[in-house]
Amino acid sequence: MMDGRLVEVDADNWRACAALRVEEEQRRWVADVTYYLCLCTYGGTWHPLAIQLDNDVVGFLMWGVDDDHSRWIGGLLIDAAHQRHGVGRAAVIEAIRLLIAQPDCAGSALSCHPANHAARSLYGALGFTDTGETAEDGSELVSRLQLDDARALARIEGSTTEP
């Protein structure tokens, strides 16, 4: 991301994350960040990251580890004012770079609603392939990026993620 980075959500930036808003027609695809923050705090699986651009929080995503050691990306959203500028694409690449550096990573996975064509197009362009699996409630399709493909994608540009 140009001058962008992924940072842990903390006491200094959680309110900016909670204030993020997507376009009205996108609200059917993503929950409010406050819901995702609760999942991260109380669910035991997810870890929140703020997407910063020039030190402003412009997006959010969370990640988790599945039983098969794949790293899941979830809850990705970019504030409406910062969409269509490559921030989401860059954030996914940066998240993959961060996640594949973890021990025992078996690749990356994510899910989205079948009718969310923008997200499916983005993920497909990054090399994620639909697996035929569905998420737990059956409403979202699972896509995976194999570890070798994730490593190749991670080499596209230099990393700016904070450890």
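Above this text sits the structure in question.
First things first, this report covers the structure right here in the doc. All values reported here derive from a predicted model rather than from experimental measurement.

As a further point, take the nonpolar core. Counting residues in hydrophobic clusters, the biggest one holds 30 residues, and the most contacted among them are Ile-51, Leu-61, Val-92, Ile-96, Tyr-123 and Phe-128. Elements supplying a minimum of two residues to this core: strand E2 (47-53), strand E3 (56-65), strand E4 (71-78), helix H3 (87-100), strand E5 (107-112), helix H4 (117-125) and helix H5 (147-154). Apart from residues lying up to four places away in sequence, Phe-128 is in contact with Val-92, Ile-96, Ser-108, Ala-109, Leu-110, Tyr-123, Ser-143, Arg-144 and Leu-145.

Quick look at the layout of surface pockets now. Considered as a void within the structure, the largest pocket measures approximately 1500 Å³ in volume. The wall of the largest pocket is formed by 50 residues, among which Gly-74, Gly-75, Leu-76, Ser-111 and Glu-140 lie closest to the centre. Elements with a contribution of two residues or more to the lining of the largest pocket: helix H2 (33-42), E3, E4, H3, E5, H4 and strand E6 (129-134). The leading source of residues in the lining of the largest pocket is E4, at 7 residues. Here the residues of the lining of the largest pocket are counted per class, giving 25 nonpolar, 16 polar and 9 charged.

Non-glycine residue Asp-54 carries a positive phi angle of around 50 degrees. For Asp-54, the location among the structural elements is in the loop between E2 and E3. Phi at Asp-104 is positive, roughly 65 degrees, even though this residue is not glycine. The topology assignment puts Asp-104 in the loop between H3 and E5.

Now for the pairing of E4. Two faces belong to every sheet, and in a regular strand the side chains alternate between them. Among the 8 residues of E4, 8 are classified as buried, and the element is accordingly described as predominantly covered. Taken together, the 6 bridges between E3 and E4 define a ladder with antiparallel strand orientation. Among the inter-strand pairings, Val-65 is bridged to a residue of E4, identified as Arg-71. In sequence, E3 turns back onto E4 through a hairpin of 5 residues, with His-69 there showing a positive phi of about 75 degrees.

Thresholds applied
- Residues numbered from 1 in each chain as written.
- Predicted model: local features only at pLDDT ≥ 70, side-chain atom pairs only at ≥ 80, totals over all residues.
- Heavy atoms only, no water.
- Core = buried A, V, L, I, M, F, W, Y, C linked by side-chain atoms within 4.5 Å.
- Buried < 20%, exposed > 50% of the residue type's maximum accessible area, 1.4 Å probe, protein only.
- Helix = DSSP H or I, 4+ residues; strand = E, 2+ residues; numbered from the N terminus.
- Contact = heavy atoms within 4.5 Å.
- 1 Å grid on protein atoms, 1.4 Å probe; cavity = no way out; pocket = protein on both sides within 12 Å on 5 of 7 lines; lining within 4 Å.
- Points joined across faces, edges and corners; volume = space filled by probe spheres on them.
- Nonpolar A, V, L, I, M, F, W, Y, C, P; charged D, E, K, R; others polar.
- Pairing = 2+ DSSP bridges.

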